[in-house]
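# Commentary on secondary and tertiary structure
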Amino acid sequence: MKTVNNYKRPVIKKSLEHYTLFGIGAGPANLSLASLLHPKTAISNLFVEQKKSFTWHDDQLIDGATLQVSLFKDLVTLSDPTNPFSFLAYLHEKGRIYHFLNAQFDEVPRREFRNYMAWAAKKNPNVTFAERVLEVEFDTVFRIRTDRREITADNISVGVGTQPWVPEFARCMPAQDHFHISQYMLRNDSLAGKRVAIVGGGQSGAEVFLDLISKPHASKPAQVNWISRRRNYFPIDNSTFTNDFYMPCYSNYSSALPSAVREQTTSAHLLTSDGISESTLKAIYQKLYYCRFVDEDTRHFGLFPNRCVTGVVPNPGRGWKLETEHNDLTHIRESINADVVIWATGFKPAPKQFLDGIAHRFKRENAEYLVDEDFAVQWDGPADRAVFVQNGVRGQRGLPDVNLSLNAWRAQRIVGRLTGQYAAPQGCSFIDWTRQQPFLQPAGQVERKARALKAALK
Ligand SMILES: Cc1cc2nc3c(=O)[nH]c(=O)nc-3n(C[C@H](O)[C@H](O)[C@H](O)COP(=O)(O)OP(=O)(O)OC[C@H]3O[C@@H](n4cnc5c(N)ncnc54)[C@H](O)[C@@H]3O)c2cc1C
């Protein structure tokens, strides 16, 4: 195994390697766990990632895109500010901490944050690339088969993230006429002179709309139409009390609510996570002003919020017709013509077929595996063997589960389960989410304290 300053990949041995924790996937979620575990040498761990090297949605990394959360929401800081894998440690090691400060970024460039995470992945000997997990079985330990070897582990952490989602009806289109936004950087050069429709009114759709209308004349599309189901192009709510939804105490409170109530609150709070950055909205508005009134650009840039795309049909002789239903005037059917459609329709949890051999032993809540307060799946296996799930329980833990806000906190809970040492909790929100006793203490806290005490007495 390498040391931090003398990097060497772990040697793959013929005999079975065994780890206390084995991580599947090395996106921000498992990378946070790998970073927090790095100083804890008693907990042997290995994280494998199928990609050849670290990437973070690179194929939709448009120049100028920024992070939608604070830089403190890095891999470690909110749960262990002394950890060597923080964003500030990265800036410092690279010798650019003063430059970063003086640059006075209102929002961190997304590429810089991606480079930071790539640095953290490369620096950590327990993270390895170009290896895919194919199968997990369990007897007294987890037996993991990858495309390169077999490994055993006491616990596993599943952090396989999400995969692009497009509506079922789009399947009738040939690949050259449509693509998911996650491929934008690979496809955007071929859009000059075409009629392009973007479907989806979140941050990704906004970034692509801005990029297309900002292209130089020679590479600009002939038309760009942007369709959103939302009533308008709404900003992300990044205000003070709203951010208290992204604190551990709210996560504990909301996870104890009945599932139907959780579903309602998640949908009511959607714009606290999935809205568009104010800076992007302003840039779009100013660009539209410039195109129309200053440049007198005759090309058409259409804004169609408040419509749901219900289907796509060939437009005889010329491209495609997107059929839409108006949210207010439901009897009205409109259609929008396009040569190329870009689906900014989001992501869904990635499939986890490699768990098929053990998944029948897991408890479920709707489509999700049911997790406890340490994100361990509830199952019929031994209590000291756990399958942790990261970014896979939005229904149980709400919107923070799928973004970076509570990444370090969630990973710290897993570290707590493995070591018996839980981080000192931060103070609760100024808001009293409830005064009802059962909600004041997160479920399992008493058991956790007991476990920690037992570990300390060993
Ligand atoms: C464009 C974009 C921008 C975003 N920006 C922000 C933001 O500014 N702020 C914010 O809070 N959130 C943001 N998010 C949301 C969230 O932070 C990201 O989606 C984040 O990448 C989730 O991390 P993850 O580790 O759970 O999943 P992923 O990043 O999807 O990582 C999962 C990894 O698992 C690997 N994997 C899958 N199956 C296997 C297997 N069988 N074997 C080995 N490896 C496997 C995959 O290759 C992948 O690398 C953004 C999302 C997108 C799409």
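Turning our attention to the environment of His18. Structurally, His18 is set in strand 1 (residues 17-24). According to the relative accessible area criterion, His18 is partly exposed, its value standing at 38%. With sequence-adjacent residues up to four places away left out, His18 is seen in contact with Ser44, Val141, Thr152, Ala153 and Asp154. A distance of 2.7 Å separates the side chain of His18 from the side chain of Thr152, its partner in a polar contact. A polar contact of 2.9 Å, which involves the side chain of His18, links it to the side chain of Asp154.

Around the ligand lies a shell of 29 residues, among which Glu49, Trp56, Gln68, Asn391 and Leu404 are the nearest. Within the backbone of Pro28, a nitrogen or oxygen atom sits 3.2 Å from an oxygen atom of the ligand. Contact distances for the ligand include 2.6 Å between an oxygen atom and a side-chain N or O atom of Glu49. Contact with the protein chains hides 89% of the accessible area of the ligand, taken as 980 Å² for the molecule alone. The class makeup of the residues in the shell around the ligand is 13 nonpolar, 11 polar and 5 charged.

Here the protein chain is partitioned into domain 1 (17-163 + 348-457) and domain 2 (168-235 + 275-344). Distance between the C-alpha centres of domain 1 and domain 2: 35 Å. Here domain 1 and domain 2 share an interface that buries about 950 Å² over both sides, 45% of which is from carbon and sulfur atoms. In terms of surface lost to domain 2, no three residues of domain 1 exceed Asp59, Gln60 and Ile62, which account for 59% of the buried area on that side. Seen at the junction of domain 1 and domain 2, the total is 1 salt bridge. Across the salt bridge formed by Glu207 and Arg110, the nearest N and O atoms sit 2.5 Å from each other. Counting every contact that joins domain 1 to domain 2 gives 8 residue pairs in polar contact (both at pLDDT 80 or more).

This structure, assessed with the given rule, holds 26 aromatic pairs. Among the aromatic residues, those joined into a ring-pair cluster are Trp56, Phe85, Phe87, Tyr90, Phe100, Phe105, Phe113, Tyr116 and Trp119. Lying across the ring of Trp165, Lys348 places its NZ or CZ 4.5 Å from the centre.

Here we take up the sheet that holds strand 12 (residues 307-314). Pairing within the open sheet is antiparallel, and its 3 strands lie in the order 12-13-14. One side of each edge strand has no neighbouring strand; the edge strands of this open sheet are strand 12 and strand 14 (333-338). Adjacent strand axes in the sheet meet at a mean angle of 30 degrees when their direction is disregarded. Bridging between strand 12 and strand 13 (residues 320-326) involves 7 bridges; their strand directions are antiparallel. Residue Pro314 lies in a different strand from strand 13, and its bridge partner there is Trp320.

Turning our attention to the packing of helix 6 (residues 203-213) against helix 11 (residues 278-294). The N-to-C vectors of helix 6 and helix 11 enclose an angle of 30 degrees; their axes lie 10 Å apart at closest approach. Considering their axes alone, helix 6 and helix 11 lie roughly parallel with respect to each other. For the pair helix 6 and helix 11, the crossing hand works out as left-handed. Residues Gln203, Ala206, Glu207, Phe209, Leu210 and Ile213 of helix 6 lie in contact with helix 11, whose contacting residues are Thr280, Ala283, Ile284, Lys287, Leu288 and Cys291. Of the residues assigned to the contact of helix 6 with helix 11, the class counts are 8 nonpolar, 2 polar and 2 charged.

Bringing unusual backbone geometry into the picture now. Although it is not a glycine, Phe375 sits at a positive phi angle of roughly 65 degrees. Position of Phe375 among the secondary structure elements: in the loop between strand 18 (368-369) and strand 19 (387-389). The backbone of Asn391 shows a phi angle near 55 degrees, a positive value even though the residue is not glycine. By the secondary structure assignment, Asn391 is in the loop between strand 19 and helix 12 (394-397).

Rules of the game
Residue indices begin from 1 for each chain and proceed along its sequence in written order. In keeping with the predicted nature of the model, local features appear solely for residues at pLDDT of at least 70, side-chain atom pairs appear and are counted solely at 80 or more, and the whole-chain, interface and lining totals rest on all residues. Hydrogens and water are ignored here; the side-chain numbers use all heavy atoms of the structure. Numbering of helices and strands runs from the N terminus; a helix is a DSSP stretch of H or I covering at least four residues, while a strand is a stretch of E covering at least two. We call a residue buried when its accessible area falls under 20% of the maximum for its residue type, exposed when it is over 50%, and partly exposed in between, using a 1.4 Å probe and counting protein chains only. Every residue pair with non-hydrogen atoms within 4.5 Å of one another is taken to be in contact. Think of a polar contact as two N or O atoms within 3.5 Å of one another; within protein, one of them needs to be a possible hydrogen donor and the other a possible acceptor, and neighboring residues in sequence only count if both atoms come from side chains. We call a residue near a molecule or strand when any one of its heavy atoms sits within 4 Å of it. Surface accessibility follows the Shrake-Rupley procedure with a 1.4 Å probe radius. Residue values consider only the protein chains on display as shielding. In the scheme used here, Gly and all other residues not listed as nonpolar or charged are polar, with Ala, Val, Leu, Ile, Met, Phe, Trp, Tyr, Cys and Pro taken as nonpolar and Asp, Glu, Lys and Arg as charged. Domain segmentation is taken from an automatic or database assignment of domains. Computed with a 1.4 Å rolling probe, the buried area is the accessible surface lost when two parts are put together, summed over both parts. Each reported salt bridge corresponds to a side-chain nitrogen of Lys or Arg within 4 Å of a carboxyl oxygen of Asp or Glu. Stacked, tilted and edge-to-face are the three classes applied to pairs of Phe, Tyr and Trp rings, where Trp contributes its six-membered ring and a pair requires centres within 6.5 Å; stacked means planes under 30 degrees apart, edge-to-face means over 60, and tilted covers the rest. A positively charged side chain is recorded as over a ring if its NZ (Lys) or CZ (Arg) lies within 6 Å of the ring centre. The angle to the ring normal must also be within 35 degrees. At least two DSSP bridges between two strands are required for those strands to pair. Throughout, an axis means a line fitted to C-alpha atoms (over the contacting stretch in the case of helices), and angles, computed between N-to-C directions, take values from 0 to 180 degrees. The scheme is simple: roughly parallel for angles under 35 degrees, roughly antiparallel for over 145, roughly perpendicular for 65 to 115, oblique for anything else. By definition, turning the near helix anticlockwise from the far helix through less than a right angle yields a left-handed crossing, and turning it clockwise yields a right-handed one.

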